[in-house]
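Structural features, examined
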Amino acid sequence: MAPLYTLAWLPEHQRYALSQPGQPDTYDIQEQWRAWLDACSSFAFEGRNGHLTLRKEPRKRGESYWYAYCTRNRRTRKRYAGRSTDLTIAKLEEIARLLTATEPAPRTAPTLTLLETKLSLPRLQTSLLSRSRLLDRFNLGLERKLTLISAPAGFGKTTIVRQWLNSRTEPVAWLSLDAGDNDPARFWRYVVAACRALLPDQGQQVLALFATPSQPPFTLPPLEAILTTFLNALAHCNAGLLVLEDYHVITDPCIHETLAFFLNHLPPTLHIVLIARGDPPLPLVRLRARNELHELHAHDLRFSPEETRAFLTQELAFTLTPETLNTLSTRLEGWPAGLRLPESGRRPLASAKGMDGAGSQQQQDVPLRLTEDNRCVRIREDSEDEQGARDADLRRQARWVESAIRRHRGSHPHHPVHSQHVPAPLDGCTWRLQE
């Protein structure tokens, strides 16, 4: 019950005065202080040092004692004030000072400075080969809740998603994950921050929930409550895309559970694209059964022989024979990162025609990159006549294919260029240059 009386310090009159609700007049209480305390059971005190509520509480022996209560930041503290004969206004001011001074600051969530580059789309290279068959599959996946791209490293998962996004008109929320995001609050703060591209005003309001303490013990609101607010905001926004890159680094079970909750209640306005090196521990079976999951795996992302030929023709500064192209396509099995190995050697290598047009020099020094640490060797070839130049180009091409296939065999054992798939040295190959 609220106190009927309020004892307040009036700075304009430099005195304390007593008032009652509904009675604007105040009167000086100091002359009748003792008698008033004996007749009163509770009152509010608004002093110079803070506000208190005083209550007279009886004890077993029939005596009554005053206790002071101070409530701040939703927390109430109590302090013994004494008998009526001991209670003075000066003592009330001292109690108000002590309770105010000892009141701990409210607990808030630690502030997380967001790394904005994690929310930025990767740079898109203008020379990328268009893979329309995959782009069409991504478009078909928009009819479902989730598109999962699951494949080992080097299969171009991020590249093809970025290429697809460039053809879309919907707003995109992008989040690049790392091992430091294995904290539920941190993970969802980043997700909400990424989605500011979809709902700028509401996203900022949801982010504020991560820094607002609730009732004692002053912990943050449950994640489910925050996600409910987040989902409600997304339900009223326009259609958009949320991309979570490198989800395989997430190992926290709570994040998997909350993301499953998020997917289960995902509004039709949002489509999620999840990029990982393996199938994540999410309810994929249930999503498949409900036809809510669209999947692309390594066998979908491999380059076809036609795409391999088109890529190398586009990227290399010299011409490969059909036999060489077929060998690369077969040995690399469409592994996109493997196709970058020949491309990395396009500058050191020169065709026979290029050598012929270089001048009348008797000898040419042609660097050939063999290893990742950029060590180079010099192959000195005699090009006195056209046939000699063609034979030299043939030998260079043979060594180049061999090094391209072998150079990563130890660092990527799960890829097709593992040592067990690498053929014998190609020094004696019978490939012929294109006329």
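Residues numbered from 1 in each chain as written. Predicted model: local features only at pLDDT ≥ 70, side-chain atom pairs only at ≥ 80, totals over all residues. Heavy atoms only, no water.

1. A short note on the overall build of the protein
- Scanning the protein from terminus to terminus reveals 15 helices and 14 strands.
- A burial count over the protein gives 44% of its 435 residues as buried.
- Within the protein, counting contacts between residues at least 6 apart in sequence, those at least 24 apart form 65% of the total. (Helix = DSSP H or I, 4+ residues; strand = E, 2+ residues; numbered from the N terminus. Buried < 20%, exposed > 50% of the residue type's maximum accessible area, 1.4 Å probe, protein only. Contact = heavy atoms within 4.5 Å.)

2. Regarding the packing of helix α5 (residues 184-194) against helix α7 (residues 223-235)
- Here α5 crosses α7 at 5°, and the two axes come no closer than 12 Å. Between α5 and α7, the crossing angle belongs to the class labelled roughly parallel. From α5, Pro 184, Trp 188, Val 191 and Val 192 reach across to α7, where they touch Leu 223, Leu 227 and Phe 230. (Axes fitted to C-alpha atoms, helices over the stretch in contact; angles between N-to-C directions. Parallel < 35°, antiparallel > 145°, perpendicular 65-115°, else oblique.)

3. Observations regarding the packing of helix α3 (residues 132-141) against helix α4 (residues 157-165)
- Contact pair α3 / α4: the axes reach a minimum separation of 10 Å and the direction vectors enclose 70°. Considering the angle they form, α3 stands roughly perpendicular to α4. Contacts between α3 and α4 involve Leu 134, Leu 135, Phe 138 and Asn 139 on the former and, on the latter, Ile 160, Val 161, Gln 163 and Trp 164.
- For the contact of α3 with α4, a count of residues per class yields 6 nonpolar, 2 polar and no charged. (Nonpolar A, V, L, I, M, F, W, Y, C, P; charged D, E, K, R; others polar.)

4. Topic: the confidence of the model for the protein
- Averaged over the protein, the pLDDT score is 74; the fraction of residues at 70 or greater is 67%.
- Considering each helix and strand of the protein separately, the mean pLDDT is smallest for helix α14 (residues 352-356), with a value of 33, and largest for strand β11 (residues 270-276), with 97.
- Predicted confidence is poor over residues 345-384, with pLDDT under 50, and the contacts of this stretch with residues over four places away or in other chains come to 75 contacts.
- Counting contacts from residues 408-414, a segment whose pLDDT is below 50, to residues more than four positions away or on other chains yields 11 contacts. (pLDDT = per-residue confidence, 0-100.)

5. Comments concerning α4
- Most of α4 sits inside the fold, with 7 of its 9 residues counted as buried.
- Turning to α4, its buried residues are Lys 157, Ile 160, Val 161, Arg 162, Gln 163, Trp 164 and Leu 165.
- Close packing links the buried residues of α4 with α3, β8 (146-150), β9 (172-176), β10 (240-245), β11 and α10 (298-301).

6. With respect to the pairing of strand β7 (residues 75-82)
- Strand direction decides the pairing type here: strand β6 (residues 64-72) and β7, joined by 7 bridges, are antiparallel. Residue Thr 71 lies in a different strand from β7, and its bridge partner there is Thr 76.
- Joining the antiparallel neighbours β6 and β7 is a turn of 2 residues, in which Asn 73 adopts a positive phi near 55°. (Pairing = 2+ DSSP bridges.)

7. Observations concerning the pattern of salt bridges
- Going through the model one piece at a time under the given rule, you end up with 11 salt bridges.
- Arg 97 is the salt-bridge partner of Glu 94, the closest N and O atoms lying 2.6 Å from each other. One end of the pair, Glu 94, and the other, Arg 97, are both in helix α2 (residues 89-102), 3 residues apart, so they sit about a helical turn from each other.
- The partner of Glu 295 in a salt bridge is Arg 288, with the nearest N and O atoms 2.7 Å apart.
- Looking at Glu 295, the relative accessible area reads 18%, which means it is buried.
- Within the structure, one salt-bridge network assembled from shared partners comprises Lys 118, Asp 178, Asp 181 and Arg 186. (Salt bridge = Lys/Arg side-chain N within 4 Å of Asp/Glu carboxyl O.)

8. A word on unusual backbone geometry
- Phi at Asp 246 is positive, roughly 60°, even though this residue is not glycine.
- For Asp 246, the position within the fold is in the loop between β10 and α8 (253-264).
- For Asp 246, a relative accessible area of 24% corresponds to the partly exposed category.

9. Here we look at the sheet that holds β11
- Taken in spatial order, the 5 strands of this open sheet run β9-β10-β11-β8-β12, and their pairing is parallel. In the strand order of this sheet, the two ends are held by β9 and β12 (293-297), each with one partner. When the angles between neighbouring strand axes are averaged without regard to direction, this sheet yields 15°.

10. Brief notes about the side chain of Glu 295
- Of note, Glu 295 is situated in strand β12.
- Looking at Glu 295, its side chain comes within polar contact range of the side chain of His 297, at 3.1 Å.
- In this view, Glu 295 contacts Arg 137, Leu 148, Arg 288 and Asp 300; residues no more than four positions away in its chain are not counted. (Polar contact = N/O pair within 3.5 Å; in protein donor to acceptor, adjacent residues only side chain to side chain.)

11. A few points about the environment of Leu 148
- The residue Leu 148 is located in strand β8 in this model.
- As for Leu 148 and His 297, which are separated by 149 residues in sequence, their C-alpha atoms are 8.3 Å apart.
- Not counting chain neighbours up to four residues away, the residues in contact with Leu 148 comprise Leu 274, Asp 279, Pro 280, Leu 284, Leu 293, His 294, Glu 295 and Leu 296.

12. What to know about the side chain of Ser 42
- You can see Ser 42 is positioned in strand β4 (residues 42-46).
- On the basis of relative accessibility, which here comes to 13%, the residue Ser 42 falls in the buried class.
- Sequence-distant contacts of Ser 42, that is, excluding residues within four places in its chain, are made with Pro 3, Tyr 5, Leu 54, Arg 55 and Trp 66.

13. So, the environment of Ala 194
- Mapped onto the fold, Ala 194 is located in helix α5.
- The class of Ala 194 is buried, set by a relative accessible area of 7%.
- Sequence-wise, Ala 194 and Trp 174 are 20 residues apart; in three dimensions their C-alpha atoms are separated by 5.9 Å.
- Leave out the neighbours within four places in its chain, and Ala 194 touches Leu 119, Ala 173, Trp 174 and Leu 175.

14. Side note on the packing of aromatic side chains
- Tallied over the full model, the rule gives 12 aromatic pairs.
- With a centroid separation of 5.5 Å and 90° between ring planes, the pair formed by Tyr 5 and Trp 36 is classed as edge-to-face. Pair noted here: Tyr 5 is in the segment before β1 (6-10) and Trp 36 is in helix α1 (residues 33-39), with a separation of 31 residues, a long-range link.
- Note on Trp 36: relative accessible area 12%, which makes it buried.
- Put simply, the rings of Phe 187, Trp 188, Phe 230, Tyr 247 and Phe 262 touch in pairs and so form one group of aromatic residues.
- The cationic tip of Lys 78 hangs over the ring face of Tyr 67; the distance from NZ or CZ to the ring centre is 4.5 Å.
- One cation-aromatic arrangement involves Arg 131 over Phe 303; the distance from NZ or CZ to the ring centre is 4.1 Å. (Phe/Tyr/Trp six-rings, centres within 6.5 Å; stacked < 30°, edge-to-face > 60°. Lys NZ or Arg CZ within 6 Å of the ring centre and 35° of its normal.)

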